[in-house]
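Spelled out, the chains give:
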Amino acid sequence: MSDDNRITRRKFVGSAALAAAATLPVYGQQQSETKSPREGPEERKTQRSPDHHLPNETDPGARNAPLEAENPDTVWGAETDSGTVPPFKYSFSLARKRIENGGWTRQVTARELPISKTIAGVEMRLTAGGVRELHWHVSAEWAIMLYGKARITAVDQGGKSFVSDVGEGDLWLFPPGVPHSIQGLGPDGCKFLLVFDDGNFDEFQTFLLTDWLAHTPKEVLQKNFNNAPETTFSHIPKKELFIFQTELPGELKQEQTESQEGTGMVPKRLDFRPSEMKPTKVTAGGEVKIIDSKNFPVSPIASAIVRLKPGGLRELHWHPNADEWQYYISGKGRMGIFTAATRARTMDFEEGDVGYIPISQPHYIENTGTTDLVFLEMFKSDHYEDISLAEWLAHTPHKLVDQHLQFGKAVIDAIPREKMVITPR
Ligand code: MN
Ligand code: MN
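Reading the values: rules and limits
- Residues numbered from 1 in each chain as written.
- Chains lettered and ligands numbered in written order.
- Predicted model: local features only at pLDDT ≥ 70, side-chain atom pairs only at ≥ 80, totals over all residues.
- Heavy atoms only, no water.
- Donors = N, O, S within 2.8 Å, 3.2 Å for Na, K, Ca; no water.
- Buried < 20%, exposed > 50% of the residue type's maximum accessible area, 1.4 Å probe, protein only.
- Pairing = 2+ DSSP bridges.
- Helix = DSSP H or I, 4+ residues; strand = E, 2+ residues; numbered from the N terminus.
- Axes fitted to C-alpha atoms, helices over the stretch in contact; angles between N-to-C directions.
- Core = buried A, V, L, I, M, F, W, Y, C linked by side-chain atoms within 4.5 Å.
- Domains from an automatic or database assignment.
- Contact = heavy atoms within 4.5 Å.
- Salt bridge = Lys/Arg side-chain N within 4 Å of Asp/Glu carboxyl O.
- Phe/Tyr/Trp six-rings, centres within 6.5 Å; stacked < 30°, edge-to-face > 60°.
- Lys NZ or Arg CZ within 6 Å of the ring centre and 35° of its normal.

Some details on the coordination of the manganese ion (ligand 2)
- Around the manganese ion (ligand 2), the protein contributes the donor atoms His317 (NE2), His319 (NE2), Glu324 (OE) and His363 (NE2), at 2.0 to 2.2 Å from the metal centre.
- Here the donor residues of the manganese ion (ligand 2) share one chain and are spaced in sequence as H-x1-H-x4-E-x38-H.
- For His317, a relative accessible area of 1% translates into the label buried.

Dropping the structure here:
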């Protein structure tokens, strides 16, 4: 809420505000003399009602009722929300789908969500046999398979090859500039999320094999490919393939052997299977798996896969080393962020939504649904870092903490000494 609105509201409540001010302690009176006075609890009662029946709470329309139903924390925001916070949510459901034979794709980048400067995301669906054309790009590509199976291929600077099949929950990482492909397998292809370490990444502006060769003179191609006859190059598609339908790939072992001939396999695997690792942290409220260059050495992008049980809370924290880009895989939750100088905002998230929190801005995520809330925390950094509010306070002289917050020393003494990550413990 703007300061202007706040002043108008104070006029609206009139004498009630004066009465409330008279009962405030000295500390509160000092506050009330500043430009943006703190409001007392009595005053709030006149502005909000539990069932939203007051005259100042009605909305005669126009309203987008389905959108409001999905965003209860926007319609009736937390009373702690304040000020203007730049948008930090965008849904893949609002992104344009590019549909091709063989599948479709859509992206959420800094163009759709301007705050998301360090990371962009792409969703892609490939049919069984559908191919994301051989290509490369300047950004690193981190990926998680959301549904089905795919065959991935890549070749590194040493001519070393990587061919692998990935299934639901598996990750891969294509380093910057390394050419690669993805092909949907049976019985029903796949759907996956790609995460790039550049908010301005554009999946429609990658270096495509067919696009490049269609724009290279045939006589140059002849020289490049051992003087093959010119007719060899007359079937190169005039227009990029990008995503196209073809038949399923050959047997995995045989394709690996053929691709590795003379050079061998890449020195470090480009895929990772979170299902084969133990959670980094398990509590009564859920669990988290942290995957960064410590356990997935090729990745310049750090990630946390978080599962919150109903009621579970990803505790109050921030990340001192990078912005956080989020993707919600399943369930429903809300996130509250604080951007300093009294500004705070709560928004609701569900599957297919993207969230974004700038470096060092504190936040929490709460499961508000009846099923597990599963989401990704992604960082443009080769390692994961966070600072927990509770851990910070537990390791600061307790007397000093109590002088700030007045919890009572017993409560502060009882804060666990180790990071909780997810509550309840
Ligand atoms: Mn790619
Ligand atoms: Mn976070």
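A look at the coordination of the manganese ion (ligand 1)
- In this structure, His135 (NE2), His137 (NE2), Glu141 (OE) and His180 (NE2) serve as the protein donors to the manganese ion (ligand 1), at separations of 2.0 to 2.2 Å.
- Along the chain, the residues donating to the manganese ion (ligand 1) are arranged with the sequence spacing H-x1-H-x3-E-x38-H.
- A residue is classified by how much of its surface remains accessible, and Glu141, at 1% relative accessible area, is buried.

Some thoughts on the sheet that holds strand β24 (residues 373–379)
- Overall, antiparallel pairing links the seven strands, which are arranged β1-β22-β19-β24-β17-β16-β15 in an open sheet. Two strands close off the open sheet at either side, each with one partner strand: β1 (89–91) and β15 (281–283). The sheet shows a mean angle of 15° between the axes of neighbouring strands, direction not considered.
- Here strand β16 (residues 286–291) runs beside strand β17 (residues 302–308); their pairing, made up of six bridges, is antiparallel. Within β17, the position partnered with Ile291 by the bridge is Ser303.

Quick word on the pairing of strand β23 (residues 363–367)
- Within β23, four of the five residues are buried, which leaves it mostly tucked inside the rest of the structure.
- Note: strand β18 (residues 313–318) against β23, three bridges, orientation antiparallel. In the sheet register, Arg314 faces β23, and the bridge partner there is Ile365.

Some points on the nonpolar core
- Grouped together as the largest cluster of nonpolar side chains are 52 residues, with contacts concentrated most on Trp142, Trp172, Phe192 and Trp325.
- Broken down by element, the residue count for this core peaks at six residues, all from strand β11 (residues 190–196).
- Here this core spans two domains, and each of domain 1 (3–27 + 277–413) and domain 2 (101–267) adds at least three residues to it.
- If sequence neighbours within four positions are ignored, Trp142 has contacts with Leu171, Trp172, Leu173, Leu193, Leu194, Val195, Ser299, Ile301, Ser303, Leu376 and Met378.
- Ranked by size, the runner-up nonpolar core spans 21 residues in total, among them Phe88, Met335, Leu373 and Phe375.

With respect to the sheet that holds β11
- One open sheet holds the seven strands; their spatial order is β2-β3-β4-β11-β6-β9-β14, and the pairing between them is antiparallel. Of all the strands in the sheet, just β2 (98–100) and β14 (271–272) have a single pairing partner and so form its edges.
- Pairing between strand β6 (residues 141–148) and β11: seven bridges, direction antiparallel. Bridge pairing in β11 places Gly148 opposite Cys190.

Quick word on the pattern of salt bridges
- One pass over the structure, following the stated rule, counts 25 salt bridges.
- Between Lys294 and Asp292 there is a salt bridge; the shortest N-O distance is 3.8 Å.
- Note that Arg314 and Glu377 form a salt bridge whose closest N and O atoms lie 2.9 Å from each other. Of this pair, Arg314 sits in strand β18 while Glu377 sits in strand β24, and the two are 63 residues apart along the sequence.
- Within the structure, one salt-bridge network assembled from shared partners comprises Arg314, Glu377, Asp386, Glu391 and Lys419.

A closer look at the packing of aromatic side chains
- All told, the structure shown has 15 aromatic pairs when counted by the stated rule.
- Here the aromatic rings of Phe196 and Phe201 are separated by 3.6 Å at their centres, their planes lie at 10°, and the arrangement is stacked.
- For Phe196, a relative accessible area of 0% gives the class buried.
- Aromatic pair Phe204 and Phe242: ring centres 5.8 Å apart, planes at 65°, arrangement edge-to-face. A residue pair is termed long-range when its members are at least 10 positions apart, and Phe204 in the loop between β11 and β12 (207–208) and Phe242 in the loop between α8 (218–224) and β13 (243–245) qualify at 38 residues.
- Take Phe204: its relative accessible area is 26%, and that puts it in the partly exposed class.
- Judged by its relative accessible area of 1%, Phe242 falls in the buried class.
- Members of the aromatic cluster, each reached through a chain of ring pairs, are Phe88, Tyr328, Phe349 and Phe375.
- Its guanidinium or amino end placed over the ring of Phe349, Lys89 lies 5.5 Å from that ring's centre, counting from NZ or CZ.

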